[in-house]
Amino acid sequence: MPEIIGYHAHVYFDAETQDTARQLCEEAVRLFPVAMGRMHARNVGPHPRWSCQLGFAADAFDQVIPWLTLNRQGLTIFTHPETGEHLADHRDRAIWMGEMLDLDLSIFDQL
């Protein structure tokens with residue numbers, strides 16, 4: 001079994017919910033050992049919506065995920081482990097909060 005070295009939680013938003021997403025991500029950084037990525041106001045990588053990535057260590061999972069579950073304010077959040085097996089991490093090991101969306105997994109064909 002591969003080792004989980006961390007997690008990425010991708011908070012999805014649109015033009016109407018961008019401020020809500022920013023506030024959520026900034027609050028997560030304030031409360032937990034989380035690294036916040038850029039607010040992408042376009043689809044990036046396999047993500048079908050605008051998004052912001054929250055990266056955190058495996059040992060923070062039990063703090064971050066329950067908090068996101070209770071505070072996501074209707075936003076969709078896609079979370080996956082980081083094992084180095086990118087396709088499997090995104091396709092087979094995903095945790096969805098809210099709407100489940102189709103990812104563009106074709107980018108992993110080149111890895």
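Scroll up a little and you will see the structure.
None of the values given here were measured: they were computed from a predicted structure.

J.: It is not clear to me how the pairing of strand β4 (residues 77-82) should be interpreted in this structure. Could you clarify?
T.: It is a general feature of regular strands that their side chains alternate between the two faces of the sheet. Counting buried positions along β4 gives six out of six residues, so the element sits mostly inside the fold. Pairing geometry for strand β1 (residues 6-13) and β4, over six bridges, is antiparallel. When the bridges of β4 are listed, Val 11 appears paired with Ile 77. Across three bridges, β4 lies against strand β5 (residues 95-97) in antiparallel orientation. The residue of β5 that forms the bridge with Phe 78 is Trp 96.

J.: Would you mind showing me how to read the nonpolar core here?
T.: Side chains of nonpolar character tend, in soluble globular proteins, to be buried together. In terms of nonpolar packing, the biggest core is built from 22 residues, with Val 11, Leu 24, Leu 54, Phe 56, Val 64, Leu 68 and Ile 77 touching the most fellow members. When residues of this core are traced back to their parent elements, those giving at least two are β1, α1 (18-31), β2 (34-40), β3 (50-57) and α2 (61-71). Excluding residues within four positions of it along the chain, Leu 24 makes contact with Val 11, Trp 67, Leu 68, Asn 71, Arg 72, Leu 75 and Ile 77. Tyr 12, Phe 78, Trp 96 and Leu 103 belong to the second-largest nonpolar core, a separate cluster that totals five residues.

J.: Just checking my understanding: could you explain the environment of Val 64 for this structure?
T.: Its location among the elements puts Val 64 in helix α2. In this structure Val 64 comes out as buried when scored by relative accessible area, which is 1%. Residues Val 64 and Ile 5, spaced 59 residues apart in sequence, show a C-alpha to C-alpha distance of 15 Å. Non-local contacts of Val 64, meaning those with residues more than four positions away in its chain, are made with Phe 32, Val 34 and Phe 56.

J.: Just to check I follow, could you spell out the packing of aromatic side chains for this structure?
T.: The geometry of an aromatic ring pair is captured by the separation of the ring centres together with the interplanar angle, meaning the angle of the planes. Evaluation of the coordinates by the stated rule reveals six aromatic pairs. Measuring from ring centre to ring centre gives 5.8 Å for Tyr 7 and Phe 56, while their planes differ by 20°; the resulting arrangement is stacked. With a gap of 49 residues between them, Tyr 7 in strand β1 and Phe 56 in strand β3 connect regions that are remote in the sequence. The buried category is assigned to Tyr 7, whose relative accessible area is 12%. Ring centres 6.1 Å apart and planes at 75° place the aromatic pair Phe 13 and Trp 50 in the edge-to-face group. Taken together, the positions of Phe 13 in strand β1 and Trp 50 in strand β3 put the pair 37 residues apart, joining distant regions of the chain. The exposure class of Phe 13 is buried, given its relative accessible area of 2%. Among the aromatic side chains, those forming a connected cluster through ring pairs are Tyr 7, Phe 56 and Phe 61.

Calculation notes
- Residues numbered from 1 in each chain as written.
- Predicted model: local features only at pLDDT ≥ 70, side-chain atom pairs only at ≥ 80, totals over all residues.
- Heavy atoms only, no water.
- Buried < 20%, exposed > 50% of the residue type's maximum accessible area, 1.4 Å probe, protein only.
- Helix = DSSP H or I, 4+ residues; strand = E, 2+ residues; numbered from the N terminus.
- Pairing = 2+ DSSP bridges.
- Core = buried A, V, L, I, M, F, W, Y, C linked by side-chain atoms within 4.5 Å.
- Contact = heavy atoms within 4.5 Å.
- Phe/Tyr/Trp six-rings, centres within 6.5 Å; stacked < 30°, edge-to-face > 60°.

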